[in-house]
Amino acid sequence: MASERKELGKIQKCHFGQGGYQDACIGVTFTLGGDSWGVGDFWGAWAIERSDRAKWTEADRITQLGEMVMRLNSLLANAKVSTVDALQGIPVEVTFDGMALESWRVLKEVL
């Protein structure tokens with residue numbers, strides 16, 4: 001059974017653009033890390049042309065991208081910055097379930 005653990009670190013890198021699975025998505029990519037660990041996270045949706053066999057619709061994609069932008073807006077507010085590039089160096093608390101990234105948050109209390 002995996003165990004939950006928390007690590008303190010920083011947003012080491014972040015950018016908005018192509019990323020995710022084989023760079024076939026559009027969204028924001030984060031590299032989070034500390035003294036002896038690092039992990040990536042991606043928020044976004046498919047950027048490829050939708051095929052007729054896809055299980056998602058254009059409405060689904062628009063909804064996902066809208067939700068990602070609102071999540072990013074909340075992250076910027078919590079980090080007290082106004083641009084994605086300004087997130088670099090922001091302190092974070094990252095929760096892992098075993099070796100898997102479970103969640104992360106900005107350490108608002110130290111900003």
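These lines cover the structure that appears in this document, whether it is placed above or below. (Residues numbered from 1 in each chain as written. Predicted model: local features only at pLDDT ≥ 70, side-chain atom pairs only at ≥ 80, totals over all residues. Heavy atoms only, no water.)

So, the pairing of strand S4 (residues 91-97)
- Most of S4 sits out of view: six of its seven residues are buried.
- Across seven bridges, the pairing between strand S1 (residues 4-19) and S4 is antiparallel. Bridging from a neighbouring strand, Glu 7 pairs with Val 94 of S4.
- Bridging between S4 and strand S5 (residues 100-106) involves six bridges; their strand directions are antiparallel. Note that in S5 the partner of Asp 97 across the bridge is Ala 100.
- Between S4 and S5, which pair antiparallel and follow one another directly, the connecting turn spans two residues, one of which, Gly 98, has a positive phi of 65°. (Buried < 20%, exposed > 50% of the residue type's maximum accessible area, 1.4 Å probe, protein only. Helix = DSSP H or I, 4+ residues; strand = E, 2+ residues; numbered from the N terminus. Pairing = 2+ DSSP bridges.)

Description of the environment of Leu 111
- Mapped onto the secondary structure, Leu 111 falls in the segment after S5.
- Taking the C-alpha atoms as reference points, Leu 111 and Ala 79, 32 residues apart in sequence, are found 7.4 Å from one another.

Some words on the packing of aromatic side chains
- In total, this model carries five aromatic pairs according to the counting rule given.
- Each ring, one from Phe 30 and one from Trp 43, has its centre 4.8 Å from the other, and the planes form 55°; the classification is tilted. With Phe 30 in strand S2 (residues 25-33) and Trp 43 in strand S3 (residues 38-46), this residue pair connects regions lying 13 residues apart in the sequence. For the pair shown, Phe 30 and Trp 43 are each scored as buried.
- An aromatic cluster of three or more residues is present, and its members are Phe 30, Trp 43 and Trp 104.
- Cation over ring: Arg 5 sits above Phe 96, and NZ or CZ is 4.5 Å from the ring centre.
- In this structure, Arg 71 is placed above the aromatic ring of Trp 43, and the distance from its NZ or CZ to the ring centre is 3.8 Å. (Phe/Tyr/Trp six-rings, centres within 6.5 Å; stacked < 30°, edge-to-face > 60°. Lys NZ or Arg CZ within 6 Å of the ring centre and 35° of its normal.)

Here's the deal with the nonpolar core
- Within the largest apolar cluster, 21 residues are counted, with the highest numbers of intra-cluster contacts made by Ile 11, Phe 30, Leu 72, Leu 87 and Trp 104.
- Counting residues per element, the ones that place at least two in this core are S1, S2, S3, helix H1 (58-79), S4 and S5.
- Among all residues touching Leu 72, those that are not within four sequence positions of it are Val 28, Phe 30, Trp 43, Val 84 and Leu 87. (Core = buried A, V, L, I, M, F, W, Y, C linked by side-chain atoms within 4.5 Å. Contact = heavy atoms within 4.5 Å.)

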